[in-house]
Amino acid sequence: MAKRVSVLGSTGSIGRRVLNVVATLGEEVEVVGLSARHNARLLLEQARAFRPAAVGIADDRQSFVLKPLAAEGVDVCAGEDAAEAMATLPRVDLVFVALAGFAGLAPTLAALGAGKDVALANKESLVTGGKLVRNAQRAAAARIFPVDSEHAALGQCLDVCQPGGVRRLILTASGGPFLGKRREEVANATPEQAMAHPVWDMGAKISVDSATLMNKGLEVIEAYWLFDMPWDRIDVLIHPQSVVHSLVELADGSFLAQLATADMRLPIQYALTYPERRELRFPAARLELASIGRLDFARPDADQFPCFGLALAAGRAGGLKPAVMNAADEVAVEKFLASEIPFGALAGVIEATLADAPDGEIGGYDDVVRADRWARRRAAEAAAEVASRTRLGGR
Ligand code: MG
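As a starting point, this report considers the structure included with it. (Residues numbered from 1 in each chain as written. Predicted model: local features only at pLDDT ≥ 70, side-chain atom pairs only at ≥ 80, totals over all residues. Heavy atoms only, no water.)

### Quick word on helix α11 (residues 214-227)
Phase 1: Given a rise of 1.5 Å per residue, 14 residues ought to cover 20 Å, and the 20 Å separating the end C-alpha atoms of α11 matches this to within 8%.
Phase 2: Burial runs high along α11: 12 of the 14 residues are buried.
Phase 3: All of the buried residues in α11 are Met214, Asn215, Lys216, Gly217, Leu218, Glu219, Val220, Ile221, Glu222, Ala223, Leu226 and Phe227.
Phase 4: Just past α11, the residue Asp228 takes up positive phi, approximately 50°. (Helix = DSSP H or I, 4+ residues; strand = E, 2+ residues; numbered from the N terminus. Expected span 1.5 Å × (residues − 1). Buried < 20%, exposed > 50% of the residue type's maximum accessible area, 1.4 Å probe, protein only.)

This is the structure in structure tokens:
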């Protein structure tokens, strides 16, 4: 029987790749729902190609574009809850959460609450509300398939390990475009430079997060929740070739690693066909180790990447701190991409926000939303202070 999927964030960088892979799997996968934030034209195109039962658009000013679909028998849902509606469609088995940022938390919880398995390409939902996501997953006995190359790698390694036989998880990091440069050298780097990732082709936000190594800090928190591993047993190694996607150190000192080309379609396909492995039906480069020649590993330089340390500290502090840190990062990156603050100010905005953040535990989803909103306001103030000092702002 076909696996019936809903793809949230189908017009984004990961969502488009999910649909590319789905198209090669033929009858095996049926697309039941699609949702997007505001790219209604591409959503319309995707709906015509994949014939889902329903589509959702978060920005209801764009919903007029989708009007013709109603006459074609497709349910069209518009408004803030569109992704959640697509996450809970009764016929869906697997929900692909491919939207970016904090917006991923609510639909992830909705999908798990409705008993769906989740292919999770949204790390922010675990960073901000990991406790809620884990509780919802356990209550529903649902599966989460990580669609983040490192966590997909760890999941594949852990699948063949005895529980209790694992000493340490080691996430690899490419180091991004500024690896080896001093902080002062990149303080005024442009958005284009920060987004020019040497290995991965990704969306704007995650590309900037990779340049600051914030992305790896978020991924440590993601691993903590996904794999129930204590903080001091999750490590990070810089590995510029991005061939080894992550490693597991076992009790006897042996290591297991997963190696592959840097192509997100691999973990996407694996989430869709799990536990089976299929030959790829799309053109993809084969991993040729002899032509790569060498694999390098190094410890991350805390001084070069202050955002990495901020993320780890917030993760360890727990409670609402990771949600505050995440919101501050989303705001800081947005301001940087709009050329309102320099690259070198990203860490300062996050640090200033965290310094003022009240302590608090996560009682429920509303607590996380409040922390997120508070942090966005505080981070915007911190960014405005930076902008007025550096006179980069002034719009
Ligand atoms: Mg990753």
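### Some details on the sheet that holds strand β9 (residues 234-238)
Phase 1: The sheet built from 4 strands is open, its strands ordered β9-β8-β10-β11 with mixed pairing. A strand with exactly one partner marks an edge of an open sheet, and here the two such strands are β9 and β11 (255-259). The average undirected angle you get between the axes of adjacent strands in this sheet is 20°.
Phase 2: Pairing of strand β8 (residues 166-173) with β9, which is carried by 5 bridges, proceeds in the parallel orientation. Note on β9: the bridge partner recorded for Leu171 is Val236.
Phase 3: Strands β8, β10 (244-250) and β11 of the sheet are contacted by helix α7 (residues 149-158), whose axis makes an angle of about 40° with β10.
Phase 4: Along the sheet, α11 contacts β8 and β9; its crossing angle with β8, the most-contacted strand, is approximately 150°. (Pairing = 2+ DSSP bridges. Axes fitted to C-alpha atoms, helices over the stretch in contact; angles between N-to-C directions. Contact = heavy atoms within 4.5 Å.)

### Looking at the layout of surface pockets
Phase 1: Of the pockets and cavities examined, the second largest pocket occupies roughly 580 Å³.
Phase 2: Going through the elements one at a time, α7, β11 and α12 (265-273) are the ones with two or more residues in the lining of the second largest pocket.
Phase 3: A per-element tally of the lining of the second largest pocket places α12 first, with 5 residues. (1 Å grid on protein atoms, 1.4 Å probe; cavity = no way out; pocket = protein on both sides within 12 Å on 5 of 7 lines; lining within 4 Å. Points joined across faces, edges and corners; volume = space filled by probe spheres on them.)

### Looking at the state of the cysteines
Phase 1: Scanning the model with the defined rule gives 0 disulfides in all.
Phase 2: Unpaired in terms of disulfides, Cys157 finds its nearest cysteine sulfur in Cys161, a separation of 6.8 Å.
Phase 3: The exposure class assigned to Cys157 is buried, which follows from its relative accessible area of 4%. (Disulfide = S-S within 2.5 Å.)

### Quick word on the coordination of the magnesium ion
Phase 1: Around the magnesium ion, the donor atoms from the protein are Asp148 (OD), Glu150 (OE) and Glu219 (OE), and they sit 2.0 to 2.1 Å away.
Phase 2: Read in sequence order, the donor residues coordinating the magnesium ion give the pattern D-x1-E-x68-E. Pair noted here: Asp148 is in the loop between β7 (144-146) and α7 and Glu219 is in helix α11, with a separation of 71 residues, a long-range link.
Phase 3: Judged by relative accessible area, Glu219 falls into the buried class, the value being 1%. (Donors = N, O, S within 2.8 Å, 3.2 Å for Na, K, Ca; no water.)

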